[in-house]
Amino acid sequence: MSDIGRRLRQIRNARGKSLAVVAGLAGISPSYLSRLESGHRALDRRSLIMALARALDVAPTEITNVALAAPGEAEEDRSLGAVRLALFAAAMHTWRGRVCEVEELRNRSDDLLVRQRDCDYATVGALLPDLIDDLHATLAAGRAERDVLRMLVVTHVQGTQAWLGDIGASQDLGWQAATLAADAAQRLDEPVSLAVSGFGTAFGLIGAGGFDLAERVVVDTDPGTSGNTELQMSGMLTLTRSLVAAAKGEQGERVSALDHAEDLARHAGEGNALGFGFGPSNVGVWRMSVALEAGEHTEAARIASTVDPNVLPSATRKSAYWREYGRALARMPNRRDEAVLMLRRAERISPARVHRHPFMHSVLSELLARARDDAIGRELRGLAYRAGLLS
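Rules of the game
Residues numbered from 1 in each chain as written. Predicted model: local features only at pLDDT ≥ 70, side-chain atom pairs only at ≥ 80, totals over all residues. Heavy atoms only, no water. Helix = DSSP H or I, 4+ residues; strand = E, 2+ residues; numbered from the N terminus. Rg over C-alpha atoms; globule rule 2.2 N^0.38 Å. Buried < 20%, exposed > 50% of the residue type's maximum accessible area, 1.4 Å probe, protein only. Contact = heavy atoms within 4.5 Å. Axes fitted to C-alpha atoms, helices over the stretch in contact; angles between N-to-C directions. Parallel < 35°, antiparallel > 145°, perpendicular 65-115°, else oblique. Nonpolar A, V, L, I, M, F, W, Y, C, P; charged D, E, K, R; others polar. UniProt positions renumbered as here; feature names shortened; annotations may be inferred. Salt bridge = Lys/Arg side-chain N within 4 Å of Asp/Glu carboxyl O. Phe/Tyr/Trp six-rings, centres within 6.5 Å; stacked < 30°, edge-to-face > 60°. Lys NZ or Arg CZ within 6 Å of the ring centre and 35° of its normal. Core = buried A, V, L, I, M, F, W, Y, C linked by side-chain atoms within 4.5 Å. Left-handed = near helix turned anticlockwise from the far one by under 90°. Expected span 1.5 Å × (residues − 1). Arc of directions from axis to C-beta.

**Student:** Break down the overall build of the protein chain for me, with residues and values.
**Tutor:** What the protein chain contains, in helices and strands, is 21 helices and zero strands. Over its C-alpha atoms the protein chain spans a radius of gyration of 21 Å, differing by no more than 12% from the 21 Å that the globule rule assigns to 391 residues. Dimensions of the protein chain, computed from the C-alpha atoms along their principal axes, are close to 60 × 45 × 40 Å. With 391 residues in all, the protein chain has 55% of them scored as buried. A separation threshold of at least 6 residues defines the contact pool for the protein chain, and within that pool the share at least 24 residues apart is 67%.

**Student:** Lay out the packing of helix 1 (residues 3-15) against helix 3 (residues 30-38) in plain terms, naming residues and giving numbers.
**Tutor:** In a pair of packed helices, the angle between the axes and the distance between the axes together describe the arrangement. Where helix 1 meets helix 3, the closest approach of the two axes is 6 Å, and the angle between their N-to-C directions is 120°. Relative to helix 3, the element helix 1 lies oblique. Taken together, the residues of helix 3 that come into contact with helix 1 (itself represented by G5, R6, L8, R9 and R12) are L33, S34, L36, E37 and S38. Within the contact of helix 1 with helix 3, the residues separate by chemical class into three nonpolar, three polar and four charged.

**Student:** Which residues make up the UniProt feature "domain: HTH cro/C1-type" (unreviewed entry) in the protein chain, and what values do they have?
**Tutor:** Per the UniProt record, the feature "domain: HTH cro/C1-type" (unreviewed entry) sits at residues 8-63. Counting secondary structure, residues 8-63 comes out at 71% helix and 0% strand; the distance between its end C-alpha atoms is 6 Å.

**Student:** Please give an account of the pattern of salt bridges that cites residues and values.
**Tutor:** Here the structure, examined in full by the defined rule, presents 43 salt bridges. In this structure, E253 and R241 form a salt bridge, with 2.4 Å as the shortest nitrogen-oxygen distance. A residue pair is termed long-range when its members are at least 10 positions apart, and E253 in helix 14 (residues 251-268) and R241 in helix 13 (residues 228-248) qualify at 12 residues. Taking relative accessible area as the criterion, E253 reaches 27% and is therefore assigned partly exposed. Linking R331 and E366 is a salt bridge whose minimum nitrogen-to-oxygen distance equals 3.5 Å. Placement of the pair is R331 in the loop between helix 17 (315-330) and helix 18 (336-349) and E366 in helix 20 (residues 360-369), with a sequence separation of 35 residues. A relative accessible area of 3% means that E366 is categorised as buried. Among the charged side chains, a network of salt bridges with common partners joins R41, D44, R323, E324, R327, R331, E366 and R370.

**Student:** Describe the packing of aromatic side chains, naming the residues involved and giving the relevant values.
**Tutor:** One pass over the structure, following the stated rule, counts six aromatic pairs. Taken together, the aromatic side chains of F199, F203, F276 and W286 make up a single cluster linked through ring pairs. In this arrangement the basic side chain of R345 is found over the ring face of W322, its NZ or CZ atom lying 4.4 Å from the centre.

**Student:** Could you give an account of the nonpolar core, naming the residues involved and the relevant values?
**Tutor:** The biggest cluster of nonpolar side chains holds 69 residues, and the ones touching the most others in it are L87, W163, L164, M236, L239 and F278. Setting aside chain neighbours within four positions, we find L87 in contact with I132, H156, T160, L164, L173, Q176, A177 and L180. Judged by nonpolar contacts, the second largest core, of 35 residues, contains A42, L292, A384 and A387.

**Student:** Talk me through the packing of helix 9 (residues 145-166) against helix 11 (residues 191-207); I want residue IDs and the actual numbers.
**Tutor:** Remark: helix 9 packs on helix 11, axes separated minimally by 9 Å, with the N-to-C direction vectors making an angle of 30°. Between helix 9 and helix 11, the crossing angle belongs to the class labelled roughly parallel. Like other packed secondary-structure pairs, helix 9 and helix 11 cross with a definite hand, here left-handed. Contacts between helix 9 and helix 11 involve R150, V153, V154, V157 and Q161 on the former and, on the latter, S193, V196, S197, F199, G200 and G204. Of the residues belonging to the contact of helix 9 with helix 11, the class tally is five nonpolar, five polar and one charged.

**Student:** Run through the environment of L164, naming residues and quoting values.
**Tutor:** Secondary-structure assignment places L164 in helix 9. For L164, a relative accessible area of 1% corresponds to the buried category. Separated by 11 residues in the primary sequence, L164 and W175 have C-alpha atoms spaced 9.8 Å apart. When sequence neighbours within four positions are dropped, the list of residues in contact with L164 reads L80, V83, L87, A169, L173 and G174.

**Student:** Give a description of unusual backbone geometry that names residues and reports values.
**Tutor:** Working note: non-glycine residues mostly have negative phi, and peptide bonds are mostly trans. At C119, a residue that is not glycine, the phi angle is positive and equals roughly 65°. Relative to the elements of secondary structure, C119 occurs in the loop between helix 7 (102-117) and helix 8 (121-140). Notably, D189 is not glycine yet its phi reads approximately 55°, a positive angle. Structurally, D189 can be placed in the loop between helix 10 (171-188) and helix 11.

**Student:** With reference to specific residues and values, describe the environment of Q171.
**Tutor:** Take Q171: it is sitting in helix 10. The spatial distance from the C-alpha of Q171 to the C-alpha of E250 is 25 Å, given a sequence separation of 79 residues. When neighbours within four sequence positions are excluded, Q171 is seen to be in contact with T61, G207 and A208.

**Student:** Can you explain helix 1? Please cite residues and give values.
**Tutor:** Between its first and last C-alpha, helix 1 extends 18 Å over 13 residues, near the 18 Å set by a 1.5 Å rise per residue. Along helix 1, the residues classified as buried are I4, G5, L8, I11 and R12. Summarising the axial view, the buried residues of helix 1 lie within an arc of 130°, below the 170-degree limit, and thus occupy one face. Contacts made by the buried residues of helix 1 are with helix 2 (19-26), helix 3, helix 4 (46-56), helix 5 (60-64) and helix 20. One or two steps after helix 1, the chain reaches G16, where phi turns positive at roughly 70°.

What follows is the structure in structure tokens.
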């Protein structure tokens, strides 16, 4: 039984609700709910998690908050406490860092963001606390204010918030990073910074199940298309809108947003403005994720066959491609072996993005329920062990 399945059953039993009652409220069959609880079906769709959370009258995180590896077990965990305190200090306007020259801060921020895109999470975690402290201290000192504000927006969304999400940290910490980015963007009142902040805010809301609020953010945030950076950020917000639409079951809006993003990508080319990697190949990866959110696993696998992962601009995007490909194949008949191989490719690029992704424990548990005593079965059990599912 998966951690998510076990938690789902525990919550249902604690609520004193039968399979039939919860399944009826969530709009699924009792047999399907039973398979979710036993780990024979993966609980890997936001919309279904939200439906079950509503049926059980709990927050979505009560269902999906699977246990992380023990603190210190992974190298990046050692920095989590220091990053947390740096975020708390910034929110309290308690300046603990150095006042630095803007060029030094720019070099450090650029280096951190490259390491984040390379999935070098241990180094990112080690660099983040001092960078957060120094950026906020320099801002408080009034040094190169607008330059520092721009760095704060991008660093907190593409560095702090992204890192926290990738290592499986608390969503509340990610939200703090998004809030600090939003404060800086509002002070700047520039379209690109507001778009970066809007992306971070929307993803924080999506993680908490606030789909309507996330939709409002992406609809209200419009950087325009006057330059290539603005165009790419418009594309990223449009992709975010497609994911929200899929989570809400709004097929027309989902298709419309994806088509619009694809059109923007054709004009932008294979870009990487502000590290977002917006372009035709990345739109393909998003199409995969959105299809999975809509429960269209065969369609996600079909899309994967049209994307060249070698063109993707970063290790984070490449690992996402192989992970989503594996998720799709895991739910298709007679594709188990390929699914495991895809997930192993993702793991080799970024272990954390497989071991700590909120849906992966459920997917791995479903695969384990059908594991055979062969080479692929051994590969799968090794992957499950590294993800903390087997002792």
